[in-house]
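So you can see what is in the structure, the chains are spelled out below.
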Amino acid sequence: MKGTGGAPGFRRTALTGAVLATALGAGAILVACGAGGGGDAADGPALLSVADSYIPLPPAGGMAAGYLTVRNDGGEDQLVKVSSPAARSVTMHRSTESTMEQVERLDVPAHGALQLARGGNHLMIMGWQKAPALGDELELDLTFARTGTVSVKVPVKELTYRPGQQ
């Protein structure tokens, strides 16, 4: 009996150890998952791409608006500056129902998009090196607070152009 009496105690200790090891292991997995993908999306790097960019043809080389969408599949960022080697000045603006104001930065939300579109946020391009023509492409250098500078070629379209419409 003495030999069998020790076996249940051993089994209980082994079972307790196995349960404790499983619990600690599961906790480590949860911590690892939380540190990687389940944390605050704003903390990761921004993963930016630019789509639907265009500039409506300005009258006789005058001031033009610029529109585009910055898509973000990562953490938050901010558009802090826009410039172009083909223009003296590119500024960021916000339109409301009754006003248009220049802004210093525009938020690019985590896993979202910043839209620069007619009637909302947009670019104003002034002081062209040469008057743009339909089909020309203007280089824009978009500078983001976290990502740095991204250069894009933006086509000049007819004044009535709307993305997604043929």
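The structure presented is a predicted model; accordingly, all values stated were derived computationally and were not measured. All chains use their own residue numbering, which begins from 1 and follows the written sequence. Residue-level local features of this predicted model are given only where pLDDT is at least 70; pairs of side-chain atoms are given and counted only at 80 or more, and the full residue set underlies all totals for whole chains, interfaces and linings. The basis for every side-chain value is the complete set of heavy atoms in the structure, and neither hydrogens nor water enter the calculation.

## Details of the overall build of the protein
Turning to step 1, where the next piece is worked out: Under the DSSP-based scheme used, a helix requires at least four consecutive residues in state H or I and a strand at least two consecutive residues in state E, with every element numbered from the N terminus. Summing up its helical and strand segments, the protein has 1 helix and 10 strands in all.
Turning to step 2, where the next piece is worked out: Going residue by residue from the N terminus, the α and β elements of the protein occur as α-β-β-β-β-β-β-β-β-β-β.
Turning to step 3, where the next piece is worked out: The 166 residues of the protein split such that 31% are buried.
Turning to step 4, where the next piece is worked out: Counting only carbon and sulfur atoms, one obtains 57% of the accessible surface of the protein, whose full area is about 10,100 Å². Burial status follows relative accessibility: with a 1.4 Å probe on protein chains alone, a residue under 20% of its type maximum counts as buried, one over 50% as exposed, and anything between as partly exposed. A 1.4 Å probe and the Shrake-Rupley method give the accessible areas. Residues count as covered only by the protein chains that appear here.

## Observations regarding the confidence of the model for the protein
Turning to step 1, where the next piece is worked out: You can read pLDDT as the predictor saying how much it trusts each residue, on a scale of 0 to 100. Put simply, the protein has an average pLDDT of 81, and 73% of its residues get 70 or more.
Turning to step 2, where the next piece is worked out: We call two residues contacting when some pair of their heavy atoms lies within 4.5 Å. Note on residues 10-39: pLDDT is under 50 here. Beyond four places in sequence and across chains, it has 2 contacts.

## Comments concerning the side chain of Asp 141
Turning to step 1, where the next piece is worked out: Mapped onto the fold, Asp 141 is located in strand S9 (residues 137-144).
Turning to step 2, where the next piece is worked out: None of His or the chain ends enter the tally, which takes Lys and Arg as positive and Asp and Glu as negative. One side-chain nitrogen of Lys or Arg within 4 Å of one carboxyl oxygen of Asp or Glu is enough to make a salt bridge. Among buried charged residues, Asp 141 stands out as having no salt bridge; its nearest opposite-charge side chain is Lys 153, 8.2 Å away.
Turning to step 3, where the next piece is worked out: Polar contact criterion, stated in full: a pair of N or O atoms within 3.5 Å, where within protein one must be able to donate a hydrogen and the other to accept it, and residues adjacent in sequence count only if both atoms are side-chain atoms. In this structure the side chain of Asp 141 is engaged in a polar contact, spanning 2.6 Å, whose partner is the side chain of Ser 151.

## Quick look at the packing of aromatic side chains
Turning to step 1, where the next piece is worked out: Two aromatic rings, drawn from Phe, Tyr or Trp (for Trp, its six-membered ring), form a pair once their centres lie within 6.5 Å of each other, and the interplanar angle then sorts them: stacked below 30 degrees, edge-to-face above 60, tilted otherwise. This model, assessed by the stated rule, comprises 2 aromatic pairs.
Turning to step 2, where the next piece is worked out: When the ring of Tyr 54 is compared with that of Tyr 67, the centres are 5.2 Å apart and the planes differ by 45 degrees; the resulting orientation is tilted. Placement of Tyr 54 in strand S1 (residues 48-56) and of Tyr 67 in strand S2 (residues 64-72) is noted, with a sequence separation of 13 residues between them. The same class applies to Tyr 54 as to Tyr 67, namely buried.

## Digging into unusual backbone geometry
Turning to step 1, where the next piece is worked out: Non-glycine residue Asp 52 carries a positive phi angle of around 55 degrees.
Turning to step 2, where the next piece is worked out: In this structure, Asp 52 sits in strand S1.
Turning to step 3, where the next piece is worked out: Asp 52 sits in the partly exposed class, given a relative accessible area of 43%.
Turning to step 4, where the next piece is worked out: The phi angle at His 111 is positive, at roughly 50 degrees, despite the residue not being glycine.
Turning to step 5, where the next piece is worked out: Counting through the fold element by element, His 111 comes out in the loop between strand S6 (106-108) and strand S7 (113-116).
Turning to step 6, where the next piece is worked out: Taking the relative accessible area as the measure of exposure, His 111 reaches 56% and is therefore exposed.

## Focus on the pattern of salt bridges
Close approach of charged atoms lets side chains of opposite charge pair.
Turning to step 1, where the next piece is worked out: Taken as a whole and judged by the stated rule, the model has 4 salt bridges.
Turning to step 2, where the next piece is worked out: Of the charged contacts, one joins Arg 71 and Asp 52 as a salt bridge, the two residues approaching to 3.8 Å between their closest N and O atoms. Residue Arg 71 is found in strand S2, and its partner Asp 52 is found in strand S1; the two are separated by 19 residues along the sequence.

## What about the pairing of strand S10 (residues 148-157)?
Turning to step 1, where the next piece is worked out: In short, DSSP must find at least two bridges between two strands for them to pair. Judged from the 2 bridges that link them, S1 and S10 form a sheet pairing that is parallel. Counted as the bridge partner of Pro 56 is Lys 157 from S10.
Turning to step 2, where the next piece is worked out: With 8 bridges joining them, S9 and S10 adopt antiparallel strand pairing. When the bridges of S10 are listed, Leu 140 appears paired with Val 152.

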